[in-house]
Amino acid sequence: TEAIQREESVENVEEALRAIDDALSLVDEEDTGRRGRLLERKGWAMRALGRFEECIAIWEDVLPMYQQVGDLDSAAKLCWEMGYQLIWLGRFADASAIYARGIELLGDHRSPTRATLVSGIAIVMGVTFWVVRLLVACWRWLALRVDGKVWAGVAALAAGGFYMLL
C-alpha cells in the first residue's frame, strides 16, 4: 500500500505541474509577480519529483522577478530554500553563495529571513570545518595506513574543505 500511495503522490505532483504550466501559458508576460509565484510553485513540484537541478534553475530565474516587483522577503526565503537544496546536493560553496546573495538582495530591508540566511552560512561553514577537523584529527592514523595515491586524494579533500571556509 505504501508503494501505491507513493505512486499516487507522484501522479498528483505531475498533475499539479501540468496545471502550473497551463496557468503560465495564460498569464501575461508583463505580470511579473504572478509569473514568479507560479514558477516558484513549479520549482516546488520539481523538487517533490526529485528533479533538484531543474528546481534550482527555475528558482534562479524567479529571484530577479521577485526583486523586480519588490518582493524582497520572498526572494530571500527562496535563497534559503535553494541553499538548503544545494547543501543536500553537496554543493557547499554554491549554498554559501546563494545565502550571501539572499542577504545582498535584502539590502537594508528589515526581515527575519536575514537571520535565517546568516545561519545558513554558519551551517555550511560548520559542516566544512567539521570535515577539516576530522581529517586533522586522523592525520597520523591516515599517514600510517594509507598509501600515497589515496593520501593525495585525502589532502585534496582537506584543501577543498579549507577553500570552502574562505
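Values in this document were obtained by computation on a predicted structure and should not be read as measured data.

Draft legend 1. Representation of the packing of aromatic side chains in the model. Under the defined criterion, the tally for this structure stands at three aromatic pairs. Taking the centre distance of 6.5 Å and the plane angle of 65° together, the rings of Tyr84 and Trp88 count as edge-to-face. With Tyr84 and Trp88 both in helix 4 (residues 72-88) and four residues apart, the pair spans about one turn of that helix. With a relative accessible area of 36%, Tyr84 lands in the partly exposed category.

Draft legend 2. Spotlight on the nonpolar core. By size, the foremost hydrophobic cluster in this structure holds 34 residues, and its most contacted members are Leu63, Ile98 and Tyr99. Elements that contribute at least two residues to this core include exactly helix 1 (2-26), helix 2 (32-48), helix 3 (52-68), helix 4, helix 5 (92-106) and helix 6 (113-137). Contacts of Ile98, omitting those with residues within four sequence positions, involve Glu60, Leu63, Cys79, Met82, Gly83 and Leu86.

Draft legend 3. Up close: the pattern of salt bridges. Inspection of every chain in the model, using the stated rule, returns nine salt bridges. Here Asp21 makes a salt bridge to Lys42, at a shortest N to O gap of 3.0 Å. Of this pair, Asp21 sits in helix 1 while Lys42 is found in helix 2, placing the two residues 21 residues apart along the sequence. With a closest N to O distance of 2.8 Å, Glu53 and Arg91 form a salt bridge. With Glu53 in helix 3 and Arg91 in the loop between helix 4 and helix 5, this pair connects stretches of sequence that are 38 residues apart. Judged by its relative accessible area of 44%, Glu53 falls in the partly exposed class. Bridged by salt links that share partners, the residues Glu53, Arg91 and Asp94 form one connected network.

Draft legend 4. Molecular detail of the side chain of Arg35. For Arg35, the position within the fold is in helix 2. Not counting the four nearest positions on each side in its chain, Arg35 is found in contact with Leu24, Val27, Asp28, Glu29 and Met65.

Draft legend 5. View of helix 4. For helix 4, with 17 residues, the first-to-last C-alpha span of 25 Å sits near the 24 Å given by 1.5 Å per residue. Count one or two residues on from helix 4 and you reach Gly90, which has phi positive near 80°.

Draft legend 6. The arrangement of the packing of helix 3 against helix 4 in detail. Their axes nearest at 9 Å, the elements helix 3 and helix 4 cross at an angle of 160°. Overall, the two elements helix 3 and helix 4 adopt an arrangement that is roughly antiparallel. The hand of the helix 3/helix 4 crossing is left-handed. Each of Phe52, Ile56, Trp59, Glu60, Val62, Leu63, Tyr66 and Gln67 in helix 3 lies in contact with helix 4, whose residues at this interface are Leu72, Ser74, Ala75, Leu78, Cys79, Glu81, Met82, Gln85 and Leu86. The residue inventory of the contact of helix 3 with helix 4, partitioned by class, reads 12 nonpolar, three polar and two charged.

Definitions and limits used
- Residues numbered from 1 in each chain as written.
- Predicted model: local features only at pLDDT ≥ 70, side-chain atom pairs only at ≥ 80, totals over all residues.
- Heavy atoms only, no water.
- Phe/Tyr/Trp six-rings, centres within 6.5 Å; stacked < 30°, edge-to-face > 60°.
- Helix = DSSP H or I, 4+ residues; strand = E, 2+ residues; numbered from the N terminus.
- Buried < 20%, exposed > 50% of the residue type's maximum accessible area, 1.4 Å probe, protein only.
- Core = buried A, V, L, I, M, F, W, Y, C linked by side-chain atoms within 4.5 Å.
- Contact = heavy atoms within 4.5 Å.
- Salt bridge = Lys/Arg side-chain N within 4 Å of Asp/Glu carboxyl O.
- Expected span 1.5 Å × (residues − 1).
- Axes fitted to C-alpha atoms, helices over the stretch in contact; angles between N-to-C directions.
- Parallel < 35°, antiparallel > 145°, perpendicular 65-115°, else oblique.
- Left-handed = near helix turned anticlockwise from the far one by under 90°.
- Nonpolar A, V, L, I, M, F, W, Y, C, P; charged D, E, K, R; others polar.

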